[in-house]
Amino acid sequence: MSAAQASPLIALANVSKRFGGQLAVDRLSFEVRHGEIVALLGKTGAGKSTVMNMLMGTIACDEGGVRVAGVDPFREFRALKGKLAVSFQTDRLLPWRSALDNAALGLQILGRPRAEARRIAREWLARVKLEGAEDKYVHELSGGMRQRVSLARALAVDPEIVLLDESFSQLDHVTSQTLRRDFSQVVRQVGKTCVFVTHRIDDALEMADRILVLAAPARLAIEEHISAEQRQDAAFLAQVHARIARAMGGEEAG
Amino acid sequence: MQQQEPGGKQVIGLFTRLRPHAGEPAAAGNARREMIAMVVVVATLFAAMEVVSRFVPDYIMPSPLVVLKSLLESLRTEQSHIWITLARLAAAVAFSMVVGILLGLIMGTYAGIRPYLRSLIIIDTGIPALSWMLIAVFWFKNPEARIFFILTLILVPFYALNVYDGMRALSRDLVDMIESFRPSRVQVLRYLVGPHIVPYVFLTTRSVIGYAIRMAIFAELVASAVGIGSRMSLAQSTFHIDQVLAWTIFLVVFNLVVQGAVALLERKLLKWRPEASVR
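Residues numbered from 1 in each chain as written. Chains lettered and ligands numbered in written order. Predicted model: local features only at pLDDT ≥ 70, side-chain atom pairs only at ≥ 80, totals over all residues.

J.: Which residues make up the overall build of chain A, and what values go with them?
T.: Of the regular secondary structure elements, chain A holds ten helices and nine strands. The C-alpha radius of gyration of chain A comes to 18 Å, within 12% of the 18 Å expected for a compact globule of 254 residues. Overall size of chain A, expressed as C-alpha extent along the three principal axes, is 45 × 40 × 40 Å. Looking at chain A residue by residue over its 254 residues, the buried ones come to 44%. (Helix = DSSP H or I, 4+ residues; strand = E, 2+ residues; numbered from the N terminus. Rg over C-alpha atoms; globule rule 2.2 N^0.38 Å. Buried ≥ 20, exposed ≤ 12 C-beta atoms within 10 Å, placed from the backbone.)

So, in C-alpha cells, the structure goes:
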C-alpha cells in the first residue's frame, strides 16, 4: 500500500454545524480510507444529510475541519472536479437526455469529447445492467432503471470518491436489494471509495465495510466493521443488527 | 370516489385521470378532428360570404370567388411586398427571441439586476402598441428602423418574462445534481438551463406569432409605404374591399402555416417530453 493510499481520503475532525440555534452535527470525527465502503447510518434527523452536504461541499462546517481528497470541499469547491461524484435519493436525470446521454453528462462536464463520453457511458450502462436501454428517454424508464442510470452517471467519471445519498430508499424492496448488490459489486470491482447515507440497517449491513451509526445531533454512537467473510455469517450479522438497532434507539427509522 | 368502467377504464370522481404515456393515438385523433372542424368552419364562412354578397353591394361584401381571384392576382403581382413583410417579421421575431432569452437568463441569474430589468419590462408591457408606433414615426426616419423598433419592443417582453419564468421553474434538485460535477457557469447554461428553457421559447413563439403578424401589418400601415400593411391601406383608400379580404385570407393562412411549422419543429426537438392526454 502506497503512502497516499494509507492516508485517509476523507477526514472529518471535530466537525460541528448549527442551523440557527439548532445543533445538527456535534463534534463528529471519522476517516475513510482508499477503497473503503462506509455507511453513515441513522434515523431521520440524525444529521446524516448535513454530513453528506459538507462532504459534497455545498455547506461549510462551523467548527472543525473537513478534508476530501486532500482539499476543503466547500472552500475549494472546484478542486474536486472529477474526483467526487454523487448519486442522490432521487435519480435527478435530465428529461431531455436519453439514458446514454444522461450517463455521459459528468464526462462531458469534465471536457471529454461527446463521442468518447458516450462510449464510456455505454460501458457503464452495461455494467449496471442497462444494455438495450441506452436510447430510452427518462419517462420510458422504470424507477429502478433510472436509479441505475444515475449510478452509471456517477461512476462513469471515474471519481476517487462516490457519495450516495439514500440512493436506494425510494425504490421498492426487491429493486432496492438487487441494486444494492449490483452497486456494491461494481464499486468493489473498480476499487472506489464510497460513503453512503442510509436509514436502513439492512442497506448498511449488505454494502458497507464499516458502519458509522449516528445519533442526533450527528455524533458517532457506535462503529461496526464487517469483513467479506463476516458478511456471509448470518449469526454475526444478526448480532451487529441488534447492536445497531439499540444504538439507533431501538427501532429502525423509515 | 373510484369506479371501474366495463372497458377497464378508471374514473376518479367527476374528473378523468391523466395518462402521461398514452397520448400518441389520442393526439392523432385530436389532430384529425381539429382538421375536420377547420374545414367545416372555413366552408361555412365562405358560404355565408357568398349569401351575403348576393344582397349587399360589392364594396361591402364581394363574393368569395372575387376575393380568391384578387388573392391570386396579389400573389402574382405583389410578391415584393409579401417578401418585405415576411423579412421584417422574421428579423424582428429572431432578434426579439435572442434579446428576450438573454434578458430572461440575466433576470434568472443575477438577483441584483433582476428587479430593475423586471420593472423595465413590465412598464414596456403596459405601453400600448399604438404609442410605440407613433413614437417610432417621430424618432426614426427610416421605415425599416421604425417597424423593427416597434416589433422588437412589443415582442421582447414576452420572451424575457417567459424565459425568466422557465428559469424559476428549474428544479433545485437538478441544479444540485449538475453542481456536484463542479461545472463552469457556461456548462450549467449549456447542459441544464439551455435545454430546460427550450419549451418556454417554443411556447412563447407559438403565443406571439399571430400577434406579431398583426402588429407588423399595423406598423406597416402606420409607418411604411411598402409591405402588406401598406397594400391593405392602399386597397382601403381605393375602396377595394376584395383586396383587403384577400390580404386578410393570406395572413390567416400564413399564420396557420407558421404555427404548424413551429409545432412540427417543437414535436421534433421536444420528443423527449411525454404527451399527456385526459380520458
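Now that the structure is up, let's keep going.
J.: Report on the packing of helix H3 (residues 79-109) of chain B against helix H4 (residues 114-126) of chain B, specifying residues and quantitative values.
T.: All names here are of chain B. Close contact between H3 and H4 brings their axes to 8 Å; oriented N to C, the two are set at 140 degrees. One element, H3, and the other, H4, form an angle in the oblique class. Seen from H3, the contacting residues are Leu103, Ile106 and Met107; seen from H4, they are Arg114, Leu117 and Arg118. Here the contact of H3 with H4 is composed, by residue class, of four nonpolar, no polar and two charged. (Axes fitted to C-alpha atoms, helices over the stretch in contact; angles between N-to-C directions. Parallel < 35°, antiparallel > 145°, perpendicular 65-115°, else oblique. Contact = placed C-beta atoms within 7 Å. Nonpolar A, V, L, I, M, F, W, Y, C, P; charged D, E, K, R; others polar.)

J.: Any chance you could break down the domain arrangement of chain A for me, citing the residues and the numbers?
T.: All names here are of chain A. Under the domain assignment used here, chain A contains domain 1 (1-83 + 159-171 + 193-254) and domain 2 (89-157). If you average the C-alpha positions of domain 1 and of domain 2, the two centres end up 26 Å apart. If you look at the interface, domain 1 gives ten residues, while domain 2 gives nine residues. Residues belonging to the side of domain 1 that touches domain 2 are distributed by class as follows: three nonpolar, four polar and three charged. (Domains from an automatic or database assignment.)

J.: Requested: an account of the packing of H4(B) against helix H6 (residues 143-168) of chain B, with residues and values cited.
T.: All names here are of chain B. Packing of H4 against H6 leaves a shortest axis separation of 9 Å and a crossing angle of 135 degrees. Between H4 and H6, the interaxial angle falls into the category oblique. In the packing of H4 onto H6, the handedness of the crossing is left-handed. Every residue of H6 that contacts H4 at Ile121, Asp124 and Thr125 is listed here: Leu153, Pro157, Ala160 and Leu161. Of the residues that constitute the contact of H4 with H6, the class distribution is five nonpolar, one polar and one charged. (Left-handed = near helix turned anticlockwise from the far one by under 90°.)

J.: Kindly report on the interface of chain B and chain A, identifying the contributing residues and their values.
T.: Counting from both sides, the interface comprises 14 residues of chain B and, opposite them, 20 residues of chain A. Of all the secondary structure elements, the ones that give two or more residues to the side of chain B that touches chain A are helix H7 (172-179) and helix H8 (185-223) of chain B. Broken down by element, the residue count for the side of chain B that touches chain A peaks at four residues, all from H7(B). In terms of residue class, the side of chain B that touches chain A is made up of eight nonpolar, three polar and three charged.

J.: Could you give me a rundown of the sheet that holds strand S3 (residues 37-41) of chain A, with the residues and numbers involved?
T.: All names here are of chain A. Taken together, six strands build an open sheet; the order of strands is S5-S6-S7-S3-S8-S9 and the sheet is mixed. If you trace the sheet from one side to the other, it starts and ends with strand S5 (84-87) and strand S9 (219-225), each paired once. Between one strand axis and the next, the sheet turns through 20 degrees on average, direction left out of account. As defined by bridge partners, strand S6 (residues 161-165) adjoins strand S7 (residues 193-198) across five bridges and the pair is classed as parallel. Looking at S7, one finds that Leu164 is bridged to Phe196. (Pairing = 2+ DSSP bridges.)

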